[in-house]
Amino acid sequence: MIDERPATAAPVTGLRERKKRRTRNALLRAALLLFLSQGYERTTVDEITDAVNMSQRTFFRYFANKEEVVFALQELVESRFVAELHARPAAEGPFEAMRGAALAAWDNVEVALSEVVPVDLYMRSYRLIESTPALLAVHLRRSTELEERISRLIGAREGLDVDADPRPRVAVAAFCGVMRVTGRLWGQGEDTSVESIRRLTEVYLDRIGPALTSSWRGPA
């Protein structure tokens, strides 16, 4: 049977999707730069669209509000972590798998973000969340939702019902607590690099076992 569709049919669809991604990414970059230069709450949607010569209608086609813009990159990085956790070897214990997934996600974050924004812009937006009360409140709510998602993933890895066995939620609560602490401490420091937050994350994750199970006192 002869295919009578125009030869350009498939590329047109690809071109349309690429154009949509470019538009969304341009809005995202413009919004983050404005948030960082003049503050999240002081920035309006009009200012974002004016910066890229687009309409409000275009903005709301891609984002429901400013908050969604801020957390778009965070969601991408979280999805990367979840994907890494899915890929961890089945033989690894829950905490070992989460640790490996977290460090792998930081190792690959630049690849994950490269088509959207420079990684430095993401790291600065991460600090913006930590320093903006309204955004921090949303971040904590989203963290709770992510924590439950990870708990169920760990439960599935271990063949456990998280509603009957508390261990997945306990392990994930400890892990996520460490991740929140390292994010806050990194946000207060001067080094904004990926390497610095990865290094801090590794140090703190490696201390959680001894902190919970060993005596902190030296010999008498």
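Here the structure is shown first, and the text comes after it.
Report on the accompanying structure. Note that the structure is predicted; figures quoted are calculated from it, not measured.

Observations concerning the overall build of the chain
Working step 1: For the chain, the count of helices and strands is 10 helices and zero strands.
Working step 2: Going from N to C terminus, the chain has its helices and strands arranged as α-α-α-α-α-α-α-α-α-α.
Working step 3: Its C-alpha atoms give the chain principal-axis dimensions of about 75 × 55 × 30 Å.
Working step 4: Expressed as a percentage of its 220 residues, the buried residues of the chain come to 39%.
Working step 5: Counting contacts in the chain only where the partners sit at least 6 residues apart, residues at least 24 apart contribute 65% of the total.
Working step 6: Carbon and sulfur atoms provide 54% of the accessible area of the chain, an area that totals close to 12,900 Å².
Working step 7: Across the chain, the centroid of the 31 positively charged side chains sits 3 Å from that of the 31 negatively charged ones.

What about the nonpolar core?
Working step 1: Among the nonpolar cores identified, the biggest contains 35 residues, and Leu28, Phe35, Phe63, Leu73, Tyr122 and Met123 are the most heavily contacted of them.
Working step 2: When contributions to this core are tallied by element, the ones reaching two or more residues are helix H1 (9-38), helix H2 (45-51), helix H3 (56-62), helix H4 (66-87), helix H6 (109-113), helix H7 (119-131), helix H8 (133-158) and helix H10 (194-213).
Working step 3: When residues of this core are assigned to their parent elements, the largest contribution, seven residues, is made by H7.
Working step 4: Every residue in contact with Leu28, bar those within four places of it in the chain, is listed here: Phe63, Val69, Ala72, Leu73, Val116 and Val117.
Working step 5: Grouped together as the second largest cluster of nonpolar side chains are 18 residues, Phe81, Ala105, Leu146 and Val178 included.

Some points on a nonpolar patch on the surface
Working step 1: On the surface, Leu185, Val203 and Tyr204 cluster together to form a nonpolar patch covering roughly 210 Å² of accessible area.
Working step 2: Within the secondary structure, Tyr204 sits in helix H10.

A few points about the packing of helix H5 (residues 94-107) against H8
Working step 1: Relative to each other, H5 and H8 sit at 125°, their axes nearing to 11 Å. Comparing the axis directions of H5 and H8 gives the class oblique. Here the hand of the crossing between H5 and H8 comes out right-handed. Where H5 abuts H8, its residues Pro94, Ala97 and Met98 lie against Ile150, Ile154, Arg157 and Glu158.

Let's talk about unusual backbone geometry
Working step 1: For Asn53, which is not a glycine, the phi torsion comes out positive at approximately 55°.
Working step 2: Checked against the element boundaries, Asn53 lands in the loop between H2 and H3.
Working step 3: Classification of Asn53 by relative accessible area gives exposed; the value is 73%.

Here is what the cut-offs are and how they apply
- Residues numbered from 1 in each chain as written.
- Predicted model: local features only at pLDDT ≥ 70, side-chain atom pairs only at ≥ 80, totals over all residues.
- Heavy atoms only, no water.
- Helix = DSSP H or I, 4+ residues; strand = E, 2+ residues; numbered from the N terminus.
- Buried < 20%, exposed > 50% of the residue type's maximum accessible area, 1.4 Å probe, protein only.
- Contact = heavy atoms within 4.5 Å.
- Areas by Shrake-Rupley, 256 points an atom, 1.4 Å probe, with all protein chains shown as cover.
- Lys, Arg positive; Asp, Glu negative; His and termini not counted.
- Charge placed at Lys NZ, Arg CZ, Asp CG, Glu CD.
- Core = buried A, V, L, I, M, F, W, Y, C linked by side-chain atoms within 4.5 Å.
- Patch = residues over 30% accessible without salt bridge, like charges linked within 9 Å, V, L, I, M, F, W, Y side chains within 5 Å.
- Salt bridge = Lys/Arg side-chain N within 4 Å of Asp/Glu carboxyl O.
- Axes fitted to C-alpha atoms, helices over the stretch in contact; angles between N-to-C directions.
- Parallel < 35°, antiparallel > 145°, perpendicular 65-115°, else oblique.
- Left-handed = near helix turned anticlockwise from the far one by under 90°.

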